[in-house]
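# Inside the fold
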Amino acid sequence: MESKKGNPVVWFEIYVDDMNRATRFYETVLDVRLEQMSDPTDQSMNMRSFPGNMEGFGVSGTLVKMEGMKAGGNSVTVYFGCEDCAVEESRVEAAGGKVVQSKMSIGEYGFCSTVQDSEGNTIGLHSMI
């Protein structure tokens, strides 16, 4: 089997119950602006996209509110890149989330924090400092 070039993840979706609450959480913690992104063929789905460059390193994705997809309790953790994850971690509780594991060293791979968003999803914050 031939190995693929590049990183294995190309997109992510984080399912939410309250789109406005979740949007405020991510915009506050990550200091970004999420944009409305809708599927013109499916009006039952509400999506807000994270900023991203499709030609750049890494991946982008969306928050999704969709019938039948409950927020929280998932088994996949998405890590958001940060300059210093302690900065984003410091915004989590005021934004309606919970710090699960404060910034900790992961050796030569930098540092990470684990938090729960306003919807109960577990996400990671990663930085090299």
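Conventions we followed
- Counting restarts for each chain: residues are numbered from 1 in the order of the written sequence.
- Confidence filtering applies because this is a predicted model: local features only for residues at pLDDT of at least 70, side-chain atom pairs given and counted only at 80 or more, and all residues used for totals across whole chains, interfaces and linings.
- Hydrogen atoms and water are omitted, and side-chain values are computed over all heavy atoms in the structure.
- The definitions used throughout rest on a 1 Å grid laid over the protein atoms alone, on which a cavity is an enclosed set of points accommodating a 1.4 Å probe that cannot get out and a pocket is an open set flanked by protein within 12 Å on both sides along at least five of seven lines; lining residues are those having an atom within 4 Å of a point.
- Grid points are joined across faces, edges and corners, and a volume is the space filled by probe spheres set on the points.
- Secondary structure is summarised from DSSP: a helix means a run of H or I of at least four residues, a strand means a run of E of at least two, and numbering begins at the N terminus for each.
- Any two rings among Phe, Tyr and Trp, with Trp reduced to its six-membered ring, count as a pair given centres within 6.5 Å; such a pair is stacked if its planes are under 30 degrees apart, edge-to-face if over 60, and tilted if neither.
- Only protein chains enter the accessibility calculation, which uses a 1.4 Å probe. A residue is then buried if its area is under 20% of the maximum for its type, exposed if over 50%, and partly exposed in between.
- By definition, being over a ring means that NZ of Lys or CZ of Arg is both within 6 Å of the ring centre and within 35 degrees of the ring normal.
- Definition used for salt bridges: Asp or Glu carboxyl oxygen within 4 Å of a side-chain nitrogen of Lys or Arg.
- Pairing between strands requires that DSSP locate at least two bridges from one strand to the other.
- We call two residues contacting when some pair of their heavy atoms lies within 4.5 Å.
- Axes here mean lines fitted to C-alpha atoms, for a helix over just the part in contact, with angles spanning 0 to 180 degrees between N-to-C directions.

## Some words on the layout of surface pockets
Considering only enclosed or pocket space, the largest pocket measures out at about 770 Å³ in volume. Among the elements of the structure, β1 (12-15), β5 (78-81) and β8 (122-127) are those that each provide at least two residues to the lining of the largest pocket. A volume near 220 Å³ is recorded for the second largest pocket. N53, G56, F57, G58 and V59 are, among the 11 residues lining the second largest pocket, the residues nearest its centre.

## As for the packing of aromatic side chains
Within this structure, the stated rule accounts for six aromatic pairs. Ring centres of F25 and Y26 lie 5.0 Å apart, and the angle between their planes is 85°; this geometry places the pair in the edge-to-face category. In this pair, the class of F25 matches that of Y26, namely buried. When the ring of Y26 is compared with that of F80, the centres are 5.9 Å apart and the planes differ by 45°; the resulting orientation is tilted. Residue Y26 is located in helix α1 (residues 19-30), and its partner F80 is located in strand β5; the two are separated by 54 residues in the primary sequence. In terms of burial, Y26 and F80 fall into one category: buried. By the ring-pair criterion, three or more aromatic residues cluster together here, those being F12, F25, Y26, F50 and F80. One residue, K103, lies across the ring of F111, its end atom 4.8 Å from the ring centre.

## Section: the pattern of salt bridges
Scanning the entire structure with this criterion turns up four salt bridges. Residues E27 and R33 are paired through a salt bridge, measuring 2.7 Å at the closest nitrogen-oxygen approach. When its relative accessible area of 15% is taken as the criterion, E27 is described as buried.

## Quick notes on the sheet that holds β1
The four strands are arranged β1-β4-β3-β2 in an open sheet whose pairing can be described as mixed. Taken across any chain shown, the strands that pair with only one partner, and hence form the sheet edges, are β1 and β2 (35-36). Here strand β3 (residues 45-49) runs beside strand β4 (residues 61-66); their pairing, made up of five bridges, is antiparallel. Bridge pairing in β4 links R48 to L63. Packed on one face of the sheet, α1 meets β1, β3 and β4 and runs near 160° to β4.

## Considerations on the environment of F12
By secondary structure assignment, the location of F12 is in strand β1. Taking the C-alpha atoms as reference points, F12 and T62, separated by 50 residues in sequence, lie 6.6 Å from one another. Setting aside chain neighbours within four positions, we find F12 in contact with F50, V59, S60, G61, T62, V78 and F80.

Just geometry here; none of it tells us what the structure is for.
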